[in-house]
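Chain by chain, the residues run as shown.
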Amino acid sequence: MAQELKTYRGNCHCAAYVYEIKLPEVTELTECNCSICYKKAGLWSLVKRENLRFVKGDPDTLTNYTFGKKTFNHKFCPNCGIQLLVVGYLEPPKPGEEKEPLTGLNVRTFQHGQGVDVWKLEKKPLDGKSWPPLYEPAKYTGTEPKAEIEGGKLYTGSCHCGAVKVALKSKPLDKASTERISECNCSICGRIGAVWVYPKKEQVEIEGAENLAIYLFATKVFGKSFCKICGVQVHNVMQPTTEEQFSQMPKENADFIRGAIHIQPVNLRVFDDLDVHDLNVGQIDGYNFIKPLYVEP
C-alpha cells in the first residue's frame, strides 16, 4: 500500500522562495557531517522532484555552490543566504546514461506549525565526512584579535570555500566552558542552524569581509552575514543605531540592543578545531518571544 503523503510548506527567510512538498509524515531527519553540511547545519529529507512545487521564486535562480568532485550542488537564496536544496549524485551518470539526481530538501526551512520540530525529531547520522576527497579547510592569515584573555585560546576557521576566514580569541570552549553558547529557533536562526557564542568585538577578527553579504530584516538592527559564494553563515552584524531609532523601539528591545553593542556573536560552526556537538549548547525559544513575530508566507 502506498504511503499517505502530507503537504508541507517552507521557504527561505526573506520569502523570495516558497515551496510545497508532498512527503510521508516527517518523523526523522538525516544529519550529514560532511564539511559543508556541518557548517550549514543542514537537516535533510530526500524527496521526489515531481512532489516539489515552488509557489514563489524560480529554483533555477538560487545561488549554486559546488566543490570537490562537483557531484552535488548546494542551492541557497542569494538574498538571505538560506539553503533550501542539495541536488546531485552519489555516483555520477556514465556517458549516455539517463539518471535522476538525488534531491535533498533542508527541513530547517519548513514553516512552523506543521508538527516538525527539528530539536525533537530523531536525526539519522550520515558519515559524509569520510567521503573522498577529504576537505582541506582554508588557513586564517589575518591579524590576531587584540583581546587579552587569561588562559585564552585562539580558534580559527572559515566559510566552506575559504573566501571568509575568522579568528576568535576565547577561553577554551569545551564541555567545561562557562561561556554562553546557544542555538535559537527564531525564524532566521532556526533556518541557519547556527550555534552562537557571544564574545566582545575585540575578541574577533574577520578576514575577507568584502566577500560577505549582510541580510537585514524586521527591525534591521542585526544583520546576518553569509559568504556570497558558498552561503555559510558567519556572524551577526549590528547596524549603527541612532537615539531617535532607540526612542521609537519598545523599551525591552532598546535595552537589549544597547546591551549588545560591544558584543560580536559568531557562528561556532565555522571553526575548524571545534565540534558543536561536543559543547553544552543552550536552546532559546526565539520564535515565540522575539518581536516583531515572524509571519510565515
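For every chain, the first residue of the written sequence is number 1, and numbering continues from 1 onward in sequence order. Per-residue local features are limited, in this predicted model, to residues with pLDDT of at least 70; the limit for side-chain atom pairs, both in listing and counting, is 80 or more; totals at the level of whole chains, interfaces and linings are taken over all residues. As a rule here, side-chain values cover all heavy atoms of the structure and leave hydrogens and water aside.

Undergrad: Is there a simple way to explain the nonpolar core in this structure?
TA: Only buried residues count toward a nonpolar core, which is a set of Ala, Val, Leu, Ile, Met, Phe, Trp, Tyr and Cys residues joined through side-chain atoms within 4.5 Å. Summary of the burial criterion: residues with accessible area below 20% of their type's maximum are buried, those above 50% are exposed, and those between are partly exposed, where the area comes from a 1.4 Å probe applied to protein chains only. Residues Ile21, Phe110, Leu268 and Phe271 are the most contacted members of the largest nonpolar core, which totals 68 residues. The secondary structure listing takes helices from DSSP runs of H or I that are at least 4 residues long and strands from runs of E that are at least 2 residues long, numbered from the N terminus. Ranked by the residues each element gives to this core, the list is headed by strand 8 (residues 83–88), at 4 residues. Residues within four places of Phe110 in sequence aside, it is in contact with Tyr8, Arg9, Gly10, Tyr19, Ile21, Leu23, Val26, Leu105, Val116 and Arg191. Note on contacts: a residue pair is in contact if any heavy atoms of the two residues lie within 4.5 Å.

Undergrad: Help me understand the environment of Glu296 in this model?
TA: Within the secondary structure, Glu296 is located in the segment after helix 5 (286–289). Along the backbone, Glu296 and Gly104 are 192 residues apart, and their C-alpha atoms lie at a distance of 22 Å. Not counting chain neighbours up to four residues away, the residues in contact with Glu296 comprise Asn11, Gln111, His112, Arg191 and Tyr287. A polar atom in the side chain of Glu296 sits 3.4 Å from the side chain of Arg191. Within polar-contact distance, the side chain of Glu296 engages the side chain of Tyr287 at 2.6 Å. Any pair of N or O atoms that falls within 3.5 Å is considered a polar contact. Within protein, one atom must be able to donate a hydrogen and the other to accept it, and sequence-neighbouring residues count only if both atoms are side-chain atoms.

Undergrad: Before we go on, may I ask you to explain the side chain of Ser187 in this structure?
TA: Tracing the backbone through its elements, the reader meets Ser187 in the loop between strand 13 (181–184) and helix 2 (189–192). There is a polar contact of 2.8 Å between the side chain of Ser187 and the side chain of His13.

Undergrad: Before we go on, may I ask you to explain unusual backbone geometry in this structure?
TA: Phi is mostly negative for residues that are not glycine, and the peptide bonds are mostly trans. Put simply, Pro132 and Pro133 share a cis peptide bond, and its omega is -5°. If you check the backbone angles, Ala218 has positive phi at about 50° while not being a glycine. One can find Ala218 in the loop between strand 16 (212–215) and strand 17 (222–227). One non-glycine residue with positive phi stands out, namely Lys220, at about 60°.

Undergrad: Is there a simple way to explain the environment of Val266 in this structure?
TA: Residue placement: Val266 occurs in strand 19 (residues 266–267). For the pair Val266 and Tyr135, spaced 131 residues apart in sequence, the C-alpha separation works out to 22 Å.

Undergrad: Mind showing me how you'd approach the pattern of salt bridges here?
TA: Two side chains with opposite charge may pair up if their charged atoms get near one another. In what follows, salt bridge is the name for a side-chain nitrogen of Lys or Arg lying within 4 Å of a carboxyl oxygen of Asp or Glu. Summed over all chains, the structure comprises 9 salt bridges. With a closest N to O distance of 2.9 Å, Arg9 and Glu20 form a salt bridge. Remark: Glu20 occurs in strand 2 (residues 18–23) and Arg9 occurs in strand 1 (residues 6–11); sequence separation between them is 11 residues. The exposure class assigned to Arg9 is partly exposed, which follows from its relative accessible area of 27%. We note a salt bridge from Glu28 to Lys124, for which the minimum N-O separation is 3.5 Å. In this pair, Glu28 sits in strand 3 (residues 28–32) while Lys124 sits in strand 10 (residues 122–126), placing the two residues 96 residues apart along the sequence. Using a relative accessible area of 34% as the deciding quantity, one classes Glu28 as partly exposed. Classification of Lys124 as partly exposed rests on a relative accessible area of 37%.

Undergrad: When you look at the packing of aromatic side chains in this model, what are you seeing that I'm missing?
TA: Aromatic ring pairs are reported here in terms of the distance separating the ring centres and the angle at which the planes meet. Two rings belonging to Phe, Tyr or Trp (six-membered ring only in the last case) form a pair when the distance between their centres is within 6.5 Å. Interplanar angles under 30 degrees mark stacking, angles over 60 mark edge-to-face geometry, and anything in between is tilted. What the rule picks out here adds up to 6 aromatic pairs. Measuring from ring centre to ring centre gives 6.1 Å for Tyr19 and Phe54, while their planes differ by 55°; the resulting arrangement is tilted. With a gap of 35 residues between them, Tyr19 in strand 2 and Phe54 in strand 5 (residues 52–56) connect regions that are remote in the sequence. Residue classification places Tyr19 among the buried positions, given a relative accessible area of 0%. For Phe54, a relative accessible area of 17% gives the class buried. Aromatic side chains Tyr19 and Phe110 sit 6.4 Å apart centroid to centroid with 55° between the ring planes, which places their arrangement in the tilted category. With a gap of 91 residues between them, Tyr19 in strand 2 and Phe110 in the loop between strand 9 (102–106) and strand 10 connect regions that are remote in the sequence. Each of the two residues, Tyr19 as well as Phe110, counts as buried. One aromatic cluster is present, built from ring pairs that chain together Tyr8, Tyr19, Phe54 and Phe110.

Undergrad: Which parts of the structure should I look at to understand helix 4 (residues 251–259)?
TA: An α-helical segment advances 3.6 residues per turn. Residues three or four places apart therefore align on the same side. All of the buried residues along helix 4 are Asn253, Ala254 and Ile257. Down the axis of helix 4, the smallest arc covering the buried residues is 95°, so these residues share one side. Turned more than 90 degrees away from the buried face of helix 4 sit Lys251, Glu252, Phe256 and Gly259, all of them exposed. Summarising the geometry, the arc corresponds to the directions from the helix axis toward the C-beta atoms.

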